[in-house]
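Remarks on the overall topology
One-letter residues, chain by chain:
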Amino acid sequence: MGDILIVDDERDIRELIGDILEDEGYTCRRASNSTECMAEIQSDPPSLMILDIWLKDSDMDGIDILKVAKRDYPGVPVIIISGHGNIEIAVAAIKQGAYDYIEKPFNIDQLMVVIGRAMETSRLRRENVELRRRDVEPPELIGSSPAFRALKASLDKVTRSNGRVMLTGPAGCGKELAARYIHANSGRAEHPFVTVGAAAIEPERMEEVLFGRESAERGIEPGLLEQADQGVLFFDEIADMPLGTQSKILRVLVDQAFTRVGGTERIKVDTRVISSSNRDLTVLAETGAFRIELFHRLAVVPIDVPGLDDRREDIPELAAFFLGLFNRSQGLPARALSQEAEAMLQTMVWPGNVRQLKNMMERVLILGDGKEEIAAAELPGPDVQPSGDNGRVVLSGSLATLPLREARELFEREYLLTQINRFGGNISRTANFVGMERSALHRKLKSLGVVTTSKQGARVAHLDEQTVD
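Here's what I pulled together on the structure shown here.

Here is what the cut-offs are and how they apply
Residues numbered from 1 in each chain as written. Predicted model: local features only at pLDDT ≥ 70, side-chain atom pairs only at ≥ 80, totals over all residues. Heavy atoms only, no water. Pairing = 2+ DSSP bridges. Helix = DSSP H or I, 4+ residues; strand = E, 2+ residues; numbered from the N terminus. Axes fitted to C-alpha atoms, helices over the stretch in contact; angles between N-to-C directions. Contact = heavy atoms within 4.5 Å. Salt bridge = Lys/Arg side-chain N within 4 Å of Asp/Glu carboxyl O. Buried < 20%, exposed > 50% of the residue type's maximum accessible area, 1.4 Å probe, protein only.

1. Here's the deal with the sheet that holds strand E10 (residues 232–236)
On the basis of which strands lie adjacent, the open sheet formed by five strands has the order E7-E10-E13-E6-E14 and parallel pairing. On the outer flanks of this sheet lie strand E7 (193–197) and strand E14 (301–304), each paired with one strand and no other. Mean inter-strand twist for the sheet, computed between neighbouring axes without regard to direction, equals 20 degrees. Pairing of E10 with strand E13 (residues 272–277), which is carried by four bridges, proceeds in the parallel orientation. Bridge pairing in E13 links Phe234 to Ile274.

2. A look at the environment of Gln346
Positionally, Gln346 belongs in helix H14 (residues 339–347). Ignoring sequence-local partners within four residues, the contact set of Gln346 consists of Arg312, Glu313, Ile315, Pro316, Thr418 and Arg422.

3. A short note on the pattern of salt bridges
In this structure the tally under the stated criterion is 27 salt bridges. Close ionic contact of Asp19 with Arg30 constitutes a salt bridge, the shortest N to O distance being 3.7 Å. A residue pair is termed long-range when its members are at least 10 positions apart, and Asp19 in helix H1 (residues 11–23) and Arg30 in strand E2 (residues 27–31) qualify at eleven residues. Given a relative accessible area of 24%, Arg30 falls into the partly exposed group. Notably, a salt bridge pairs Asp255 with Arg251, separated by 3.4 Å at the nearest N-O pair. Highlighted residues: Asp255 and Arg251, both in helix H10 (residues 243–255), separated by four residues, approximately one helical turn. The class of Asp255 is partly exposed, set by a relative accessible area of 28%. Here the residues in one salt-bridge network are Asp8, Glu10, Asp52 and Lys104, joined through shared partners.

These figures capture arrangement, not role.
Laid out in structure tokens, this is it:
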């Protein structure tokens, strides 16, 4: 049924409780002092501990043992017993995390009820943690473009270390997914991944949320730092963290310890920190909006997560992945993108990046016509859109107001920029798609002021500012 450690300096009490519990089907161990108790816990943590608060001939009393047990083995419920009970002792025990407090001489039936409840609470907590781990699908990184391969290579390198990582990139590009990938493939994978949404927490509550708090009324309430012990703490958009909290986080990173709000005890933690930001923290540091010392502590390994503009080759693969995901998870129709729809997705502007693409695929499946293939007409286009069945298109306002020569040049420039980036800077594939000889395409690009440069392992097309006004 469960392994229970009984800690009491009175042999008769130890044996009485042990005999009764063993008759009920429990396995019991016994300890007469703090040294024996700590040796038993460290060799094999019990399912529950019954702990006397006063221990003769011991280096630690019950409260001291309780503090260590709740720090190092938070999943073990502790029932405090004492023959010298008063309300102050009971409050102190509950404050330090005891499940319950019972005075001697106690009623055996009462003790059995408390033990049963404590064991059930512990079991439910363990099952809840296990279910949450099981429900979270392992993070899957999708892509094959040079920019994606460079990102994945960097992530694979940092999984083998405990160094702090700073993930930068535009909103929606997948920074949290990258952080979860690091966690899932590291030695901390079996321990928690805890996210701190700096922008979602009220500034005045930030310290309570991070460090936890202690009070006589509510006892100990662990913060996110404690919950992430042995695992990973992910600071999502850390630029939004208040300056006052930044100073305290800096101290935690230096000491690997902190004090709960309202408490005095120093809590030690072993947590790997991964941070993210869609803003330039060095610029914020110059203006005083972010502590430069904290930036240097967090950005031991900086990794840039590219947006969709830098990995357009991956868009069809990502879209197909999301379509399959929604089919499996929500029972939405199993559909595939037509070639025209893929091309259109690769030429669209994606301010919301991967998150925006995912949302669009879900919307298309919900509102679609049910055909096996998703047509380009089902996708919202940014600049040109179908206008009926006669093949006409509606021009964007910017093109419609220009003379023909300027409109044609602007269209050609934007069209070729988009197509080159769609094919990851590959001029041969671009020439084949647009129907031009490669040499003719090079001449056209030069006349339009379009050049390609290397960025994150991929070729990216952009305007040459020296030749284009």
